[in-house]
Amino acid sequence: MPVLNRIADFAPEMSAWRRHIHRNPELKFACHQTAAFVAERLREFGVDEIHEGIAETGIVAIIEGQGAGPTIGLRADMDALPITETTGLDYASANPGVMHACGHDGHTAMLLGAAKYLAETRRFRGRVALIFQPAEEDGGGGQVMVQEGILDRFGIGEVYALHNTPQVPLGRFVTTPGPIMAAVDTAWVTLTGKGGHGAYPHECIDPVPAAVAIAAALQTIVSRNVNPLREAVVSVTEIHAGTASNIIPETARLTATIRSFDPDVRNLLKRRFHEIVEGIAAAHNLAAKVDYDWGYPATVNDADKTRFAADIAAEVAGAAGVVANAGREMGAEDFSYLLEERPGCYLFLGQGEGAGLHHSAYNFNDEAAPFGASFFARIVERAQPLA
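*Asks:* Looking at this structure, I do not really get the packing of helix H7 (residues 208-225) against helix H8 (residues 263-283). What am I missing?
*Replies:* For any two helices packed against each other, one specifies the inter-axial angle together with the distance between the axes. H8 packs onto H7 with a crossing angle of 150° between their chain directions and a minimal axis gap of 9 Å. When the axis of H7 is compared with that of H8, the two are roughly antiparallel. With respect to the hand of their crossing, H7 and H8 are arranged in right-handed fashion. Taking contact as the criterion, the partners of Ala210, Ala213, Ile214, Ala217, Leu218, Thr220, Ile221 and Asn225 in H7 are, on H8, Leu268, Leu269, Arg272, Phe273, Ile276, Val277 and Ile280. Grouping the amino acids of the contact of H7 with H8 by side-chain chemistry returns 12 nonpolar, 2 polar and 1 charged.

*Asks:* Which parts of the structure should I look at to understand the side chain of His22?
*Replies:* Residue position: His22 is located in helix H2 (residues 11-23). Note on His22: relative accessible area 0%, which makes it buried. In contact with His22, not counting residues within four places along its chain, are Glu85, Tyr91, Ala92, Ser93, His100, Asp105 and Asn363.

*Asks:* Explain the packing of aromatic side chains here, please?
*Replies:* Taken as a whole, this structure holds 8 aromatic pairs when the rule is applied. Pairing Tyr292 with Trp294 gives two aromatic rings, centres 6.5 Å apart and planes at 40°, and the pair type is tilted. What makes Tyr292 buried here is its relative accessible area of 13%. Seen from their ring centres, Tyr296 and Tyr337 are 5.9 Å apart, and the 80° between their planes marks the pair as edge-to-face. Placement of the pair is Tyr296 in the loop between strand S13 (287-293) and strand S14 (299-301) and Tyr337 in helix H10 (residues 336-341), with a sequence separation of 41 residues. Each member of the pair, Tyr296 together with Tyr337, is buried. Above the face of the Phe10 ring, Lys116 is positioned so that its terminal group lies 4.9 Å from the ring centre. A cation over a ring is seen here: Arg266 above Trp294, with NZ or CZ 4.1 Å from the ring centre.

*Asks:* Would you mind going over the sheet that holds strand S1 (residues 49-54) with me for this structure?
*Replies:* What holds strands together in a sheet is hydrogen bonding between their backbones, with the strands either parallel or antiparallel. Read from one edge to the other, the open sheet built from 8 strands follows the order S1-S2-S4-S3-S5-S16-S6-S15, with strand pairing classed as mixed. The strands lining the two open edges of the sheet, one partner per strand, are S1 and strand S15 (322-323). Inspection of the sheet shows strand S2 (residues 58-64) paired to strand S4 (residues 127-133) by 6 bridges, in the antiparallel sense. Paired with Ile59 across the bridge in S4 is Phe132. Here helix H9 (residues 303-317) sits on the sheet and contacts strand S5 (156-165), strand S6 (173-174), S15 and strand S16 (344-350); the angle it forms with S16, its principal contact strand, is near 35°.

*Asks:* Teacher, can you tell me more about the packing of H2 against helix H3 (residues 32-45) here?
*Replies:* At their nearest, the axes of H2 and H3 sit 10 Å apart, and the two run at 160° to each other. On the basis of the axis angle, H2 is roughly antiparallel to H3. Two packed elements cross with a definite hand, and for H2 against H3 that hand is right-handed. On the side of H2, the interface is formed by Trp17, His20 and Ile21, while H3 contributes Thr34, Phe37, Arg41 and Phe45. Taken together, the residues of the contact of H2 with H3 sort by class into 4 nonpolar, 2 polar and 1 charged.

*Asks:* Just to check I follow, could you spell out the sheet that holds S13 for this structure?
*Replies:* The strand order across the open sheet formed by 4 strands is S10-S12-S8-S13, and the pairing between neighbours is antiparallel. In this open sheet, the two edge strands, each paired with only one partner strand, are strand S10 (232-241) and S13. Each adjacent strand pair in this sheet contributes to an overall mean axis angle of 15°, direction not counted. Where S10 and strand S12 (residues 251-260) come together, 9 bridges link them in antiparallel fashion. Across the sheet, residue Val236 finds its bridge partner in S12, namely Ala256. Packing of H7 onto the sheet brings it into contact with strand S8 (183-192), S10 and S12, and relative to S10 it is tilted by some 170°. Lying on the sheet, H8 is in contact with S8, S10, S12 and S13; it crosses S13 at an angle near 165°.

*Asks:* Is there a simple way to explain the pattern of salt bridges in this structure?
*Replies:* Side chains that carry opposite charge are capable of pairing whenever their charged atoms lie near each other. Evaluation of the coordinates by the stated rule reveals 29 salt bridges. Across the salt bridge formed by Arg43 and Glu52, the nearest N and O atoms sit 2.8 Å from each other. One salt bridge connects Arg123 with Glu381, and the closest N-O pair in it is separated by 3.9 Å. Here Arg123 is found in the loop between helix H4 (104-121) and S4, whereas its partner Glu381 is found in helix H11 (residues 369-383), with 258 residues between them in sequence. The exposure class assigned to Arg123 is partly exposed, which follows from its relative accessible area of 42%. Here the residues in one salt-bridge network are Arg123, Glu315, Arg378, Glu381 and Arg382, joined through shared partners.

Rules used in this analysis
- Residues numbered from 1 in each chain as written.
- Predicted model: local features only at pLDDT ≥ 70, side-chain atom pairs only at ≥ 80, totals over all residues.
- Heavy atoms only, no water.
- Axes fitted to C-alpha atoms, helices over the stretch in contact; angles between N-to-C directions.
- Helix = DSSP H or I, 4+ residues; strand = E, 2+ residues; numbered from the N terminus.
- Parallel < 35°, antiparallel > 145°, perpendicular 65-115°, else oblique.
- Left-handed = near helix turned anticlockwise from the far one by under 90°.
- Contact = heavy atoms within 4.5 Å.
- Nonpolar A, V, L, I, M, F, W, Y, C, P; charged D, E, K, R; others polar.
- Buried < 20%, exposed > 50% of the residue type's maximum accessible area, 1.4 Å probe, protein only.
- Phe/Tyr/Trp six-rings, centres within 6.5 Å; stacked < 30°, edge-to-face > 60°.
- Lys NZ or Arg CZ within 6 Å of the ring centre and 35° of its normal.
- Pairing = 2+ DSSP bridges.
- Salt bridge = Lys/Arg side-chain N within 4 Å of Asp/Glu carboxyl O.

In structure tokens:
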């Protein structure tokens, strides 16, 4: 397959780019060094336009094809995670407490590889818009780029993105039509009572029993309020209260992650969360404050674009290397904001055995890069072929 063969020729370059980015990870919107590195490579490739400073450090680069036609968008995320790396690699993070533990270094390298090929060959009509996005892990950089008008400004008609996935065979593409990743909301609960001596509970208003009761009762939302055929998750992930064995604390705090696919279920989860917290707090004579963050929406693939993307993936990896109707994932992804505005597809790309995502020992497998770069390049050529 010509795309894979040509891109395989500069696989060592993609590896070098990726390892440079891995060594220099940055958080959220502060991807200044990464964006500068990306822009420098794009200039070397001879892309036609480079638009910097979108969502602070995001980039949209334009490559013109041969003749008039639509614009297709390809997106890669650039930000890292606040994790201390334990890989021991010679290119391990030089930024203490920050590492590329989710493979965004690899995503960026793959899109750069596709950019080099497309700028060199230009075997397509119209234009391709290369979207290098900050703040996927935290901050919703995809939403900010949409709000700043990249889709209309550059006339992007459809969008595609890849995410690596460990423990899936190297080079295997996995996707599904419709929802593929969940909406994610986060709630912070503060319960306030009256602290005092642990030997005299009758003189206090203890928030600890209420916190425990709330944590247990929240589990009934999914088991007793949500239709069993409609997926949802409510997980209490933090409980903080107290400082000593003989002190009843004044406050107790809980944090929860809430995930769903269906908008009606999402609204139900929020309503019941508030009702349970407020009801139990009132029963314990406590004041309750709920900060409920409406986070990333569900990532919903367009059915037609997903069929098309699966066909392209089969050209790269073979029919046996594509799972086109996989199950949904309860993780979340801010590419969802782009898919709310434009049809497109989000796919996972297997990278073989290794530590899981968001683990301190994780490392992107450079052998996956030619598969991803070839997919990006080929989808442009097939979506907007020369007459």
